[in-house]
Amino acid sequence: MSSTSSQQSGKEGPTTNRNDQDVSRVHVHGQGGEFVTINGQKFYRHELMSAFGGTLNPGLSPYPQSKINSAPVGLSGFALTTFILSLCNARAMGITIPNIVVSLACMYGGTVQFLAGLLEFVAGNTFGFTALTSYGAFWISYAAIFIEAFGISEAYKEDEASMENAIGFFLIGWAIFTFILVLNTLKSTLAFFSLFFFLLLTFLLLAGGAFTGRVGATRAGGVFGVITAIIAWYNAFAGTATRANSYIIAHPVQLPVYKRD
């Protein structure tokens, strides 16, 4: 069913009950909770999309106007770039220099993920737009640290301690942003929530390693980063695998939703 038809059939005219709008932007009502009012528009619950990591949809929402699901390519760009950097942070195979990730951070994790976020904007997915464009910008800004033309490393050449502390500030800022996204996925699926939760732990551990200089913290951040990448790939798979193209499809595990008085 298209977005237009679902809205026409689910909407029962303008919402006149002010309580539907005053309680929150999303309000479930009806004798059996069969109606959902979103931003003043009334829908039948069965005509709304449920939370699903494969579409970066954190909760009940109308079906998008666009039929293109850009979330999987954005998740894939994030996953691969995170995977490579995290292996370097974990010092796998004795590798300690992370510069190999610059190419991925500029192109795949950066540019492609950012463009995927813009397509989420076209589809009307606020969460997907916010997450993908932000993390796409994260990877581009991270790559800039290693590119001489930006002069970032050169500015701290005579004070390496300040450089590490500045990187710690950089990572803490992204940890705060990620924590906000974690709060936005508390009512979604297990895989969707786990993605941002493990990413939050990764940022915190890497920031701790930068501030303290403890290699163990950075290596632990690398391990959690690898786990984060695998979860991101799983969500990307969930958004692309269907019964028409795969014998294996994802079965989302919904997190419990507790009603508040």
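Residues numbered from 1 in each chain as written. Predicted model: local features only at pLDDT ≥ 70, side-chain atom pairs only at ≥ 80, totals over all residues. Heavy atoms only, no water.

- The name that an unreviewed UniProt entry assigns to the protein chain is Mug86, with the source organism given as Candida metapsilosis.
- UniProt, in the comment section headed Subcellular location (unreviewed entry), describes the protein chain in these words: "Membrane".
- Among the UniProt annotations of the protein chain, the heading Sequence similarities (unreviewed entry) holds the following wording: "Belongs to the acetate uptake transporter (AceTr) (TC 2.A.96) family." (UniProt positions renumbered as here; feature names shortened; annotations may be inferred.)

### Brief notes about the overall build of the protein chain
Then step 1. Scanning the protein chain from terminus to terminus reveals 9 helices and 3 strands.
Then step 2. Along the protein chain, helices (α) and strands (β) appear in the sequence α-α-β-β-β-α-α-α-α-α-α-α when read from the amino end.
Then step 3. Across the 261 residues of the protein chain, 42% fall into the buried class.
Then step 4. Surface exposure of the protein chain reaches about 14,400 Å², of which carbon and sulfur atoms provide 63%. (Helix = DSSP H or I, 4+ residues; strand = E, 2+ residues; numbered from the N terminus. Buried < 20%, exposed > 50% of the residue type's maximum accessible area, 1.4 Å probe, protein only. Areas by Shrake-Rupley, 256 points an atom, 1.4 Å probe, with all protein chains shown as cover.)

### A look at a nonpolar patch on the surface
Then step 1. Judged by side-chain polarity, Phe-169, Ile-172, Ile-176, Ile-180, Leu-204 and Phe-211 come together as a nonpolar surface patch covering roughly 560 Å² of accessible area.
Then step 2. Secondary-structure elements contributing two or more residues to the nonpolar patch are helix 7 (160-183) and helix 8 (190-212).
Then step 3. Here the nonpolar patch takes 4 residues from helix 7, the largest share from any one element.
Then step 4. Inspection of the secondary structure assignment puts Phe-211 in helix 8.
Then step 5. Since its relative accessible area comes to 35%, Phe-211 is described here as partly exposed. (Patch = residues over 30% accessible without salt bridge, like charges linked within 9 Å, V, L, I, M, F, W, Y side chains within 5 Å. Salt bridge = Lys/Arg side-chain N within 4 Å of Asp/Glu carboxyl O.)

### With respect to helix 9 (residues 215-240)
Side chains three or four residues apart in an α-helix point the same way, a direct result of the helix having 3.6 residues per turn.
Then step 1. Here helix 9 contains 26 residues, and its C-alpha end-to-end distance of 38 Å stays within 8% of the 38 Å for a straight helix at 1.5 Å per residue.
Then step 2. Of the residues making up helix 9, those classed as buried are Gly-221, Gly-222, Gly-225, Val-226, Thr-228, Ala-229, Ile-231, Ala-232, Asn-235, Ala-236 and Ala-238.
Then step 3. The secondary structure elements touched by the buried residues of helix 9 are helix 3 (71-89) and helix 8. (Expected span 1.5 Å × (residues − 1). Contact = heavy atoms within 4.5 Å.)

### A few points about the packing of helix 7 against helix 8
Then step 1. As a packed pair, helix 7 and helix 8 sit with axes 8 Å apart at the nearest point and diverge in direction by 160°. Classified by the interaxial angle, the pair formed by helix 7 and helix 8 is roughly antiparallel. Between helix 7 and helix 8 lies a crossing of left-handed hand. (Axes fitted to C-alpha atoms, helices over the stretch in contact; angles between N-to-C directions. Parallel < 35°, antiparallel > 145°, perpendicular 65-115°, else oblique. Left-handed = near helix turned anticlockwise from the far one by under 90°.)

### Quick word on the layout of surface pockets
Then step 1. Roughly 1,100 Å³ of volume is contained in the second largest pocket.
Then step 2. What lines the second largest pocket is a set of 41 residues, among which Pro-98, Tyr-142, Phe-146, Glu-164 and Ile-167 lie closest to the centre.
Then step 3. Sorting the residues of the lining of the second largest pocket by element identifies helix 3, helix 5 (126-146), helix 6 (152-155), helix 7, helix 8 and helix 9 as the ones contributing at least two each.
Then step 4. Along the lines of polarity and charge, the residues of the lining of the second largest pocket split into 21 nonpolar, 12 polar and 8 charged. (1 Å grid on protein atoms, 1.4 Å probe; cavity = no way out; pocket = protein on both sides within 12 Å on 5 of 7 lines; lining within 4 Å. Points joined across faces, edges and corners; volume = space filled by probe spheres on them. Nonpolar A, V, L, I, M, F, W, Y, C, P; charged D, E, K, R; others polar.)

### Some details on the nonpolar core
Then step 1. Judged by nonpolar contacts, the single largest core of 35 residues is most densely connected at Phe-78, Tyr-135, Trp-139, Leu-181, Leu-195, Phe-196 and Phe-203.
Then step 2. Counting residues per element, the ones that place at least two in this core are helix 3, helix 4 (101-123), helix 5, helix 7, helix 8 and helix 9.
Then step 3. In terms of residues, this core owes the most to one element, helix 8, which gives 9 residues.
Then step 4. Those residues in contact with Phe-203 that lie beyond four places of it in its chain are Tyr-135, Phe-138, Leu-171, Trp-174, Ala-175 and Thr-178. (Core = buried A, V, L, I, M, F, W, Y, C linked by side-chain atoms within 4.5 Å.)

### Some remarks on the packing of helix 5 against helix 7
Then step 1. Taken N-terminus to C-terminus, the directions of helix 5 and helix 7 make an angle of 170°; their axes are 11 Å apart at the nearest point. On the basis of the axis angle, helix 5 is roughly antiparallel to helix 7. Of the residues in helix 7, those in contact with Phe-127, Thr-130, Ala-131, Ser-134, Tyr-135, Phe-138, Ser-141, Tyr-142 and Ile-145 of helix 5 are Met-163, Phe-170, Trp-174, Phe-177, Thr-178 and Leu-181.

### Concerning a negative patch on the surface
Then step 1. Where like charges cluster on the molecular surface, the negative patch consists of Glu-148, Glu-154, Glu-158, Asp-159, Glu-160 and Glu-164.
Then step 2. Its place among the elements puts Asp-159 in the loop between helix 6 and helix 7. (Lys, Arg positive; Asp, Glu negative; His and termini not counted. Charge placed at Lys NZ, Arg CZ, Asp CG, Glu CD.)

### Here we look at the UniProt feature "transmembrane region" (unreviewed entry) in the protein chain
Then step 1. UniProt feature "transmembrane region" (unreviewed entry): in the numbering of this structure it lies at residues 68-88, 100-123, 135-153, 165-183, 189-208 and 220-237.
Then step 2. For residues 68-88, the end-to-end C-alpha separation is 34 Å, with 86% helix and 0% strand making up the annotated structure.
Then step 3. Measuring from the first to the last C-alpha atom of residues 165-183 gives 27 Å, for a span that is 100% helix and 0% strand.

### Quick word on empty space enclosed by the protein
A probe matching the size of a water molecule, rolled over the atoms, marks out where space remains unfilled.
Then step 1. Considering all chains together, one arrives at 2 cavities of 30 Å³ or more under this definition.
Then step 2. Around the largest cavity sit 10 residues that line it, and Leu-75, Phe-78, Gln-113, Tyr-135 and Phe-196 are the ones nearest its centre.
Then step 3. Mapped by element, the contributors of at least two residues to the lining of the largest cavity are helix 3, helix 5 and helix 8.
Then step 4. Tallied by class, the residues present in the lining of the largest cavity amount to 9 nonpolar, 1 polar and no charged.

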